[in-house]
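A look at the structure
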Amino acid sequence: KQYHVAVVGATGAVGQQMVRTLEDRNFPVGTLTLLSSERSAGKKMRFRGREIEVQAAAPERFDGVDIALFSAGGAVSKALAPEAVRRGAIVIDNTSAFRMEENVPLVVPEVNESDLTWHNGIIANPNCSTIQMVVALEPIRKAFGLSRVIVSTYQAVSGAGAQAIEELYEQTKAVLDNKPFEATILPVKSDRKHYPIAFNAIPQIDKFQDNGFTFEEMKMINETKKIMHMPELSVAATCVRIPVASGHSESVYIEIEQDGVTAADLQAVLREAPGVVLQDDPSEQLYPMPANCVGQYDVFVGRIRRDLDNSRAFHLWIVADNLLKGAASNSVQIAESLLKLGLI
Ligand code: 11C
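What comes next concerns the included structure. (Residues numbered from 1 in each chain as written. Predicted model: local features only at pLDDT ≥ 70, side-chain atom pairs only at ≥ 80, totals over all residues. Heavy atoms only, no water.)

A closer look at the packing of aromatic side chains
- Tallied over the full model, the rule gives three aromatic pairs.
- A ring pair is formed by Y154 and W317, whose centres lie 5.2 Å apart and whose planes are at 70 degrees; its orientation type is edge-to-face. Of this pair, Y154 sits in strand β9 (residues 148–155) while W317 sits in strand β14 (residues 313–320), and the two are 163 residues apart along the sequence.
- Classification of Y154 as partly exposed rests on a relative accessible area of 34%. (Phe/Tyr/Trp six-rings, centres within 6.5 Å; stacked < 30°, edge-to-face > 60°. Helix = DSSP H or I, 4+ residues; strand = E, 2+ residues; numbered from the N terminus. Buried < 20%, exposed > 50% of the residue type's maximum accessible area, 1.4 Å probe, protein only.)

Dropping the structure here:
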């Protein structure tokens, strides 16, 4: 069977990768509808060698759609996802609009594919920095238990959209050319102050919450607990934007429950884990880096070592393409899982 698939936000940084991933993974697309804001309507995008015109998103565009992949911001999802569901589509939403709602499964197929069975039309795709972390942590939890996670991220600008990538390039060039420039997008377009990202590191991703954590940090905390079904898990996060175009990196400290576990035991588990590529050999200076992970669907893990003071604690370095496994390819994998489980 072939499916009618819609991509909402098709011209954005993630939307473009969704179209590419549908083609690359050979998803059984019969008809592809590409939707965007009024501003981008009329643009043409290539899919399987043919050009498809992007249309302005509107409720009636979802007539006949089987699967709608949304990545056009929370406001668009809130307005249009229920309209798509009403017209019979299953929505896979890549925004934070519905992620923490009780009747909406938040799914990373390698971790909690079975949560798809109780969806009510909307399935949420988690935040990029959360996805890559849980893909690596779930096999460790299964093997050795898990009680605590402390993560610091090094996040690429593409997480903030195509305009943020432009801002990084333009600022970098301006600095090298000794020309003046003004930061207008990062750390958060809608916040009051903006800071240069070129040759800088900004410890703010999304807006600050009343508890002193940013919204990005709270997403990592709350989404991890929901996906792993571990409301009791201790999680803390510090999220930092760095001048890398694509590929999020994470330094992760974990405490496990079992005694006597070695770094080699963790390596053995991760070597067999779905969606994980182990790149961990200090003698060969082998470890994951964003430059090598861009364009890949997997999550890359290295620098695994036991803590020197706590024998049940380990440090890991986790890298993935934030636009692919962090967004587009996880969404397409969810659609693949729906097919595999006969849920569509
Ligand atoms: C970033 N993690 O890197 C964000 C982007 O909730 O899906 C993804 C936001 C989200 O800026």
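Comments concerning the sheet that holds strand β1 (residues 3–8)
- Pairing within the open sheet is parallel, and its six strands lie in the order β5-β2-β1-β6-β7-β8. Each of the sheet's edge strands pairs with one partner strand only, and the pair in question is β5 (55–56) and β8 (122–124).
- Here strand β6 (residues 67–70) pairs with strand β7 (residues 90–93) via four bridges, running parallel. Residue pairing across strands places A68 opposite V91, the latter belonging to β7.
- Across the sheet, helix α2 (residues 74–86) lies against β1, β6, β7 and β8, angled at about 175 degrees from β6, the strand it touches most.
- Packed onto the sheet, helix α9 (residues 324–340) meets β1, β6, β7 and β8 and runs at close to 150 degrees relative to β7. (Pairing = 2+ DSSP bridges. Contact = heavy atoms within 4.5 Å. Axes fitted to C-alpha atoms, helices over the stretch in contact; angles between N-to-C directions.)

A look at the layout of surface pockets
- Here the largest pocket is characterised by a volume of approximately 1500 Å³.
- Along the walls of the largest pocket sit 47 residues, with A72, G73, G159, A160 and G161 positioned nearest its centre.
- Contributions of two or more residues to the lining of the largest pocket are made by α1 (13–24), α2, α5 (162–176), α6 (215–227) and α9.
- Among the residues forming the lining of the largest pocket, the class breakdown is 19 nonpolar, 20 polar and eight charged.
- The volume enclosed by the second largest pocket comes to roughly 190 Å³.
- Taken together, 13 residues form the lining of the second largest pocket, with K225, K226, H229, M230 and P231 sitting closest to its centre.
- Per-element tally for the lining of the second largest pocket: the top contributor is α6, with three residues. (1 Å grid on protein atoms, 1.4 Å probe; cavity = no way out; pocket = protein on both sides within 12 Å on 5 of 7 lines; lining within 4 Å. Points joined across faces, edges and corners; volume = space filled by probe spheres on them. Nonpolar A, V, L, I, M, F, W, Y, C, P; charged D, E, K, R; others polar.)

Description of the side chain of N127
- As for its position among the elements, N127 is in the loop between β8 and α4 (128–144).
- Overall, the relative accessible area of 5% leaves N127 in the buried class.
- Of the polar contacts made by the side chain of N127, one reaches the side chain of E216; its length is 3.0 Å.
- Ignoring sequence-local partners within four residues, the contact set of N127 consists of R99, E216, K219, M220, E223 and G326. (Polar contact = N/O pair within 3.5 Å; in protein donor to acceptor, adjacent residues only side chain to side chain.)

Focus on α1
- Here α1 contains twelve residues, and its C-alpha end-to-end distance of 17 Å stays within 8% of the 16 Å for a straight helix at 1.5 Å per residue.
- Every buried residue of α1 is listed here: A13, V14, G15, Q17, M18, V19, T21 and L22.
- Buried residues belonging to α1 abut β1, β2 (29–36), β3 (44–47), β6, α5 and α9.
- Downstream of α1 by one or two residues, N26 has phi in the positive range, about 55 degrees. (Expected span 1.5 Å × (residues − 1).)

Re α5
- End to end, α5 covers 22 Å across 15 residues, agreeing with the expected 21 Å (1.5 Å per residue, within 8%).
- Along α5, the residues classified as buried are A164, I165, E167, L168, Q171 and A174.
- One or two steps after α5, the chain reaches N178, where phi turns positive at roughly 60 degrees.

It is worth stressing that arrangement in space is one thing and function is another; only the former is reported here.
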